[in-house]
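Summary of the model geometry
Residue-level listing of the chains:
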Amino acid sequence: MTILSKALIDEFLENNEKYSCLRFFRQSPHGYLILLYLHYFQSKNEELTLVTLYDLIPSKISSNLTILNTIKQASESDFIEKVILETDKRSNSLRFKEVYFKEIDEWLNSIPKSE
């Protein structure tokens, strides 16, 4: 086992225990992508709709129904909120609740950056 692989194993186990939101989304590849897209769009202060997520996550990784169910579970678990768009009242923007945005931000900032 290389040093990097051991570091990644340790990071996964330690941070899944430390961060409940991270643990929820890292249960599956599509959940992990949803987590990263949510953080990315929220960091850039851009709207992320369910339709956009459907377009961003390849169908080989997850079906639209599975993505929808994960978003429903995340909302029911209080990790995310749906904000009605001003430009289109029929659409919602998906965002982390502030406490979980900060949690994911803290986790991302703890990961050593490669140069």
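Here the structure is shown first, and the text comes after it.
Residues numbered from 1 in each chain as written. Predicted model: local features only at pLDDT ≥ 70, side-chain atom pairs only at ≥ 80, totals over all residues. Heavy atoms only, no water.

**Remarks on the overall build of the protein chain**
- Helix and strand counts for the protein chain come out as six helices and two strands.
- N-terminal to C-terminal, the α/β element order of the protein chain is α-α-α-α-α-β-β-α.
- Relative to the compact-globule value of 13 Å for 115 residues, the protein chain shows a C-alpha radius of gyration of 15 Å, a close match.
- Dimensions of the protein chain, computed from the C-alpha atoms along their principal axes, are close to 50 × 30 × 30 Å.
- By residue count, 33% of the 115 residues in the protein chain fall in the buried class.
- Long-range contacts, defined here as pairs at least 24 residues apart, represent 50% of the contacts in the protein chain between residues at least 6 apart.
- Here the protein chain displays about 7,600 Å² of accessible surface, and carbon together with sulfur accounts for 55% of that area.
- Positive and negative side-chain charges of the protein chain, numbering 14 and 17 respectively, have mean locations separated by a distance of 4 Å. (Helix = DSSP H or I, 4+ residues; strand = E, 2+ residues; numbered from the N terminus. Rg over C-alpha atoms; globule rule 2.2 N^0.38 Å. Buried < 20%, exposed > 50% of the residue type's maximum accessible area, 1.4 Å probe, protein only. Contact = heavy atoms within 4.5 Å. Areas by Shrake-Rupley, 256 points an atom, 1.4 Å probe, with all protein chains shown as cover. Lys, Arg positive; Asp, Glu negative; His and termini not counted. Charge placed at Lys NZ, Arg CZ, Asp CG, Glu CD.)

**Let's talk about unusual backbone geometry**
- Here N45, not a glycine, exhibits a phi torsion of approximately 60 degrees, which is positive.
- Relative to the helices and strands, N45 is located in the loop between α3 (29-43) and α4 (50-56).
- One non-glycine residue, D78, lies in positive phi territory at about 70 degrees.
- With respect to the element layout, D78 can be found in the loop between α5 (64-76) and β1 (80-84).

**Observations regarding the pattern of salt bridges**
- Counting across every chain of the model gives five salt bridges.
- In this structure, D10 and K6 form a salt bridge, with 2.7 Å as the shortest nitrogen-oxygen distance. Taken together, the positions of D10 and K6, both in helix α1 (residues 3-18) and four residues apart, correspond to about one turn of that helix.
- A relative accessible area of 41% means that K6 is categorised as partly exposed.
- Taking the shortest distance from any N to any O, the salt bridge between E106 and K18 comes out at 3.8 Å. (Salt bridge = Lys/Arg side-chain N within 4 Å of Asp/Glu carboxyl O.)

**Points about α5**
- Given a rise of 1.5 Å per residue, 13 residues ought to cover 18 Å, and the 18 Å separating the end C-alpha atoms of α5 matches this to within 8%.
- Looking only at α5, the buried set comprises I67, T70, I71 and A74. Buried positions in α5, seen along its axis, are confined to an arc of 100 degrees and lie on one side of it. For α5, exposure combined with an orientation more than 90 degrees from the buried face picks out L65 and E76.
- Buried residues in α5 make contact with α2 (20-25), α3, α4, β1 and β2 (92-96).
- Looking at the residues trailing α5, positive phi occurs at D78, about 70 degrees. (Expected span 1.5 Å × (residues − 1). Arc of directions from axis to C-beta.)

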